[in-house]
Amino acid sequence: ESLCDHFHESQTTMDPKEPGYQAVYLRIYKKVVAKVKKELKDNDLWSLYEELELPLVTALAEMEAHGILVDPKKLSVISQELEATMEKLTETIYAEAGEEFNINSPKQLGVILFEKLGLPVLKRTKTGPSTSAEVLEELSDHPIVASVLEYRQVAKLKSTYTDSLAELISPETKRIHTTFNQTVTATGRLSSTHPNLQNIPVRTKEGRRIREAFVAPEGHVLLMADYSQIELRLLAHLSGDQVLAEAFRSGQDIHAQTAAEVFGLDLDEVTDEERSAAKAINFGIIYGISSFGLAKGINLTRAQAQEYIDSYFLRYPMVKVYLDGLVEQGKKEGYVQTLSKRRRYLPNLKSRNYALRSFAARTAMNTPIQGSAADIIKLAMLKVYRALKDAGLKTRLLLQVHDELVLETPLDELHLAAHLVKKQMEEVYPLDVPLKVGVFYGPNWRDVKSFDYEE
DNA sequence: AAGCTCACG
DNA sequence: ACGTACGTGAGCTTG
Ligand SMILES: [Mg+2]
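So, how was this worked out
- Residues numbered from 1 in each chain as written.
- Chains lettered and ligands numbered in written order.
- Predicted model: local features only at pLDDT ≥ 70, side-chain atom pairs only at ≥ 80, totals over all residues.
- Heavy atoms only, no water.
- Helix = DSSP H or I, 4+ residues; strand = E, 2+ residues; numbered from the N terminus.
- Buried < 20%, exposed > 50% of the residue type's maximum accessible area, 1.4 Å probe, protein only.
- Contact = heavy atoms within 4.5 Å.
- Areas by Shrake-Rupley, 256 points an atom, 1.4 Å probe, with all protein chains shown as cover.
- Lys, Arg positive; Asp, Glu negative; His and termini not counted.
- Charge placed at Lys NZ, Arg CZ, Asp CG, Glu CD.
- Pairing = 2+ DSSP bridges.
- Near = heavy atom within 4 Å.
- Polar contact = N/O pair within 3.5 Å; in protein donor to acceptor, adjacent residues only side chain to side chain.
- Nonpolar A, V, L, I, M, F, W, Y, C, P; charged D, E, K, R; others polar.
- Core = buried A, V, L, I, M, F, W, Y, C linked by side-chain atoms within 4.5 Å.
- Domains from an automatic or database assignment.
- Salt bridge = Lys/Arg side-chain N within 4 Å of Asp/Glu carboxyl O.
- Donors = N, O, S within 2.8 Å, 3.2 Å for Na, K, Ca; no water.
- pLDDT = per-residue confidence, 0-100.
- Phe/Tyr/Trp six-rings, centres within 6.5 Å; stacked < 30°, edge-to-face > 60°.
- Lys NZ or Arg CZ within 6 Å of the ring centre and 35° of its normal.

**Q** Would you explain the overall build of chain A in this entry?
**A** Scanning chain A for helices and strands turns up 17 helices and 13 strands. If one aligns the C-alpha atoms of chain A with their principal axes, the spans along those axes are about 70 × 60 × 55 Å. In chain A, which comprises 455 residues, the share counted as buried stands at 45%. Partitioning the contacts of chain A with sequence separation of at least 6, the portion at a separation of at least 24 is 60%. Counting only carbon and sulfur atoms, one obtains 52% of the accessible surface of chain A, whose full area is about 24300 Å². For chain A, the distance from the average site of its 56 positive side-chain charges to the average site of its 64 negative ones is 6 Å.

**Q** Please clarify how the pairing of strand E12 (residues 437-442) should be interpreted in this entry.
**A** Two strands pair when backbone bridges link them, and strand E7 (residues 220-227) and E12 are joined in this way by six bridges, in the antiparallel orientation. Its bridge partner being in E12, Leu222 is matched across the sheet by Gly442. Bridge count for E12 against strand E13 (residues 449-450) is two bridges, and the pairing is antiparallel. The residue bridging Tyr441 from the neighbouring strand is Lys449, located in E13. Between the end of E12 and the start of E13, which pair antiparallel, lie six residues.

**Q** How do you make sense of the protein's contact with DNA strand B when you look at a structure like this?
**A** Around DNA strand B, a shell composed of 21 residues is seen, among which Thr131, Ala133, Val202, Arg203 and Asp403 lie nearest. Within the side chain of Arg152, one N or O atom sits 3.0 Å away from a phosphate oxygen of DNA strand B. Broken down by element, the residue count for the surface near DNA strand B peaks at three residues, all from helix H7 (residues 143-167). Grouping the amino acids of the surface near DNA strand B by side-chain chemistry returns six nonpolar, nine polar and six charged.

**Q** It is not clear to me how the nonpolar core should be interpreted in this structure. Could you clarify?
**A** Grouped burial of nonpolar side chains is what soluble globular proteins tend to show. One finds Phe214, Leu223, Tyr227, Met425 and Trp445 to be the most contacted residues of the largest nonpolar core, which totals 87 residues. Shared between two domains, this core holds at least three residues of each, these being domain 2 (43-68 + 174-230 + 368-455) and domain 3 (71-168). Residues within four places of Phe214 in sequence aside, it is in contact with Ile68, Leu69, Val70, Leu165, Leu197, Ile200, Leu222, Asn444 and Trp445. Within the second largest apolar cluster, 35 residues are counted, among which are Ala236, Tyr312, Leu346 and Met365.

**Q** Explanation requested: the pattern of salt bridges in the structure shown.
**A** Opposite charge on two side chains makes pairing possible when the charged atoms of those side chains draw close. Overall, the coordinates contain 27 salt bridges when judged by the stated rule. The salt bridge partner of Arg189 is Glu231, with a shortest N-O separation of 3.7 Å. Of this pair, Arg189 sits in the loop between strand E5 (179-181) and strand E6 (191-193) while Glu231 sits in helix H9 (residues 230-239), and the two are 42 residues apart along the sequence. We classify Glu231 as buried; its relative accessible area is 17%. Across the pair Arg275 and Asp253 runs a salt bridge, and its minimum N-O distance is 2.7 Å. With Arg275 in helix H12 (residues 272-287) and Asp253 in the loop between helix H10 (242-250) and helix H11 (254-263), this residue pair connects regions lying 22 residues apart in the sequence. Salt bridges sharing common partners tie together Glu53, Arg342, Asp375 and Lys378.

**Q** I'm lost on the domain arrangement of chain A in this one. Help?
**A** Put simply, an interface is often sized by how much accessible area is lost when its parts join up. As assigned here, chain A comprises domain 1 (1-42), domain 2 (43-68 + 174-230 + 368-455), domain 3 (71-168) and domain 4 (232-367). Each of domain 3 and domain 4 was reduced to a C-alpha centroid, and the two centroids are 35 Å apart.

**Q** Mind showing me how you'd approach the coordination of the magnesium ion here?
**A** The textbook angles at a metal center are 109.5 degrees for a tetrahedron of four donors and 90 or 180 degrees for an octahedron of six. The coordination sphere of the magnesium ion contains the protein donors Asp226 (OD), Tyr227 (O) and Asp403 (OD), at a distance range of 2.3 to 2.7 Å. As a motif over one chain, the donors of the magnesium ion read D-Y-x175-D. Of this pair, Asp226 sits in strand E7 while Asp403 sits in the loop between strand E10 (396-400) and strand E11 (404-410), and the two are 177 residues apart along the sequence. The class for Asp403 is partly exposed, based on a relative accessible area of 26%.

**Q** Any chance you could explain the confidence of the model for chain A here in plain terms?
**A** Note that predicted coordinates carrying low pLDDT should not be read in detail. With 97% of its residues at a pLDDT of at least 70, chain A reaches an overall mean of 95. Interface confidence in the predicted complex, given as ipTM, is 0.93; pTM for the same model is 0.96.

**Q** Would you mind showing me how to read H9 here?
**A** In an α-helix, one full turn covers 3.6 residues, which means residues spaced three or four apart are oriented alike. Of all ten residues in H9, nine are buried; the element is thus mostly enclosed. By the burial criterion, the buried members of H9 are Ile230, Glu231, Leu232, Arg233, Leu234, Leu235, Ala236, His237 and Ser239. A positive backbone phi angle near 75° is found at Gly240, which sits one or two residues after H9.

**Q** I tried to follow the protein's contact with DNA strand C on my own but got confused; where do I start?
**A** For DNA strand C, the set of nearby residues contains 37 residues, the closest of which are Ser105, Lys107, Ser191, Phe292 and Arg362. Backbone sugar and phosphate groups make up 60% of those atoms of DNA strand C lying within 4 Å of the protein. A distance of 3.0 Å separates a base nitrogen of DNA strand C from a polar side-chain atom of Tyr354. Counting residues per element, the ones that place at least two in the surface near DNA strand C are helix H5 (106-116), H7, E6, H12, helix H13 (291-298) and helix H16 (354-390).

**Q** Looking at this model, I keep getting lost on the packing of aromatic side chains. Mind explaining?
**A** Ring pairs (aromatic) are described by centroid distance and by the angle formed between their planes. Tallied over the entire structure, the rule returns eleven aromatic pairs. With a centroid separation of 5.6 Å and 85° between ring planes, the pair formed by Tyr312 and Phe313 is classed as edge-to-face. Each member of the pair Tyr312 and Phe313 is classed as buried. Their ring planes at 35° and their centres at 4.5 Å tell us that Tyr312 and Tyr316 sit as a pair that is tilted. Of the two residues, Tyr312 and Tyr316, both sit in the buried class. Cation over ring: Lys41 sits above Trp46, and NZ or CZ is 5.2 Å from the ring centre. Lys320 extends its terminal NZ or CZ atom over the ring of Phe313, reaching a point 5.2 Å from the ring centre.

Structure follows, in structure tokens:
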């Protein structure tokens, strides 16, 4: 961007083929490098650039070039099954509606559900009644709604994850080569495009079938390593809250411990429901808590949600001090920052518009946590990349999915690689609480089992 | 191109 | 009362 500005400032209208163009370009380029370098140094961002982001480029480039092997036959079988299911559901839905219409159109679906069948409008979008899954769940006693929910799930899998993915398999390598974007997100996370390999289904049994098509080549296995609760561990570290830190040092289930603290129970008397509520509270804390959001997360009244939040902050007082401090710092300095000093500017912390100001406050609370987690896994990627190279192993990094790395390893390297990856990830950047990494391996991305460290 | 919806962490 | 959970990318419809 700066280079382009200088080109225009310099009124360079030269043709790239013209003699002397390269000299002009180089002169401007050097000026821009000096300017950007100074700006980074002045803002304490130079080491983030030089020691983290710049060397990471090489690791990401190799990951993209290597790609991940995908079995088109598996995708094709799944696609055909989904096609058949969709045809049946389509007929069922038309019969229940008493007419044919485009089920993929929220507008046409809305006419059927809310006008023809007279179902209640529970939520609106800018353009009309919402037909989102959240709304349809509430209305799913009606048979057509249950069918539409199932249709949506199947249609999503087919269009996004079977047909489109198959088209992106390279005929030369038989692999899918994503692009990892290093300069897209506001928090420092990576993103992935063409295709996005950071949102492959995992939460439902049907969806997980897609992962079976991501395979290791003959004589290899996929190795997966994911951080356990990295964002909450960072919250414990960054806030200095000793109750939360001690919870992680004890190694017990963090959500159950939160439930015990918030609801005043012994750890062994926490029910599944209480644990689930505590999990929603922990999510809320990371997202920048609001009683409205928490209430929506666990079907409470706002007043009850507020009581839970108050109770949480009573038990974890330093977390409240920390989160309030982030908003204050954001207002005073204009930005919040992550472990690596990465900044996010939040001018709306001073907005007179309540919605904009609240959004900025939640962002101020979330960005240092989400962004520091991104810093840590990026550093871990560098360390894993270098350690594999130093050890002379053939194991390759394939994917990063925010708190998880996916690698491909020759069977005879599995033991060494699993230990190396776990060690580099857990010891990457010592915090006040331990970082814990789960390691799994298998023939494909679905059928993985825990790597047993006795092996 | 924008809006809605939904997949992931 | 305001009006939201944080961060992404992609497919589909609509205009
Ligand atoms: Mg995890």
